[in-house]
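Inside the fold
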Amino acid sequence: MSWLRGLLAALAICALLGGSASCGTGDTHGGGVSASPVGKVLDETDEKGRHYREIDKKGAPDVAIEVQPDPDAGWDVRLTVRNFRFSPAGARAVAVAGRGTAVLSLDGRTLTRLRATGYHLSGELVPRGTHHLTARLYADDRTVWAVQGEPVECTADITASGATPTPSDGDNGTPAGEGR
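Now for a quick tour of the structure.

Hydrogen bonds between backbone groups are what pair the strands of a sheet, and the pairing can be parallel or antiparallel. Overall, antiparallel pairing links the 3 strands, which are arranged β3-β4-β8 in an open sheet. The open sheet is flanked by β3 (62-69) and β8 (118-121), the only strands paired with a single partner. Ignoring which end each strand starts from, the neighbouring axes of this sheet average 25° apart. Bridge count between β3 and strand β4 (residues 75-82): 8 bridges; the pairing is antiparallel. Residue pairing for β4: D62 is matched across the bridge by R82.

Counting residues in hydrophobic clusters, the biggest one holds 27 residues, and the most contacted among them are I65, V67, V77, L79, L133 and W145. Listing elements by their share of this core, those giving two or more residues are β3, β4, β6 (99-106), β9 (129-138), β10 (144-147) and β12 (153-160). Apart from the residues within four sequence positions on either side, L79 is in contact with V63, A64, I65, F86, A102, L114, A116, T117 and A135. If you look at the next biggest cluster of nonpolar residues, it comprises 6 residues, including L42, V103, Y138 and A146.

Right, let's talk about the pairing of β9 for a bit. Where burial is concerned, most of β9 is hidden: 7 out of the 10 residues are buried. With 8 bridges joining them, β9 and β12 adopt antiparallel strand pairing. The partner of G129 across the bridge, within β12, is A160.

The subject of this paragraph is the side chain of D46. Its location among the elements puts D46 in the loop between β1 (40-45) and β2 (51-54). Side chain to side chain, D46 and Y138 meet in a polar contact 2.8 Å long. Beyond its immediate sequence surroundings of up to four residues, D46 is in contact with Y52, R136, Y138 and V144.

What counts and how
- Here the residue numbering is sequential within each chain, running from 1 through the sequence in written order.
- For this predicted model, a pLDDT threshold of at least 70 governs which residues receive local features, and a threshold of 80 or more governs which side-chain atom pairs are given and counted, while totals over whole chains, interfaces and linings are taken from all residues.
- Hydrogens and waters are ignored; side-chain quantities use all the structure's heavy atoms.
- Strand pairing is assigned whenever DSSP detects at least two bridges linking the two strands.
- Helix and strand assignments follow DSSP, with helices taken as H or I runs no shorter than four residues and strands as E runs no shorter than two, numbered in order from the N terminus.
- Note on method: axes are straight lines fitted to C-alpha atoms, helices fitted across the in-contact stretch only, with angles between N-to-C directions ranging 0 to 180 degrees.
- What is meant by a nonpolar core is a set of buried Ala, Val, Leu, Ile, Met, Phe, Trp, Tyr and Cys residues, joined one to another through side-chain atoms within 4.5 Å.
- Think of it in three bands: residues with accessible area under 20% of the maximum for their type are buried, residues over 50% are exposed, and the middle band is partly exposed, with areas taken using a 1.4 Å probe on protein chains only.
- In what follows, a contact means two residues having at least one pair of non-hydrogen atoms within 4.5 Å.
- Counting of polar contacts relies on pairs of N or O atoms within 3.5 Å, with two restrictions inside protein: one atom must be capable of donating a hydrogen and the other of accepting it, and residues adjacent in sequence are counted only when both atoms are side-chain atoms.

Just geometry here; none of it tells us what the structure is for.
Okay, structure coming up:
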């Protein structure tokens, strides 16, 4: 009979530990970040129709952009983020505080979605003149992180002073590596 009492005690302990381990703290298993939605989705949208996700200024993500000419060609772009981590490819389409991607655009035209802080901007994409390069932060559900109704973004000016490239015969002007 003592073995039965021991078995019942062990089962009771397992039930207690299992119950407390599954309490709803909002954390994912393994000490990860919470997968519950954060902030308030606003009616306001960006130029692509993606809604702004309003969050408090305190602890909000931030982004800065630095652009340096590449001696070979083009520009090296470096983002500095604060209170933000880039999500890996294949991340669930759920807003998680301080996580997501950055979208890089030139003069309002989307160039790429970044999952890291570095990017090389080809000189072929930037004609002669002054242009605006913007990095904007998005949640994984593709909402725009926003503080006080404004998107979390940073813009830098690029001035291309070289001669405007002209396509050669048989070249339709698409950047190298893209379909011709």
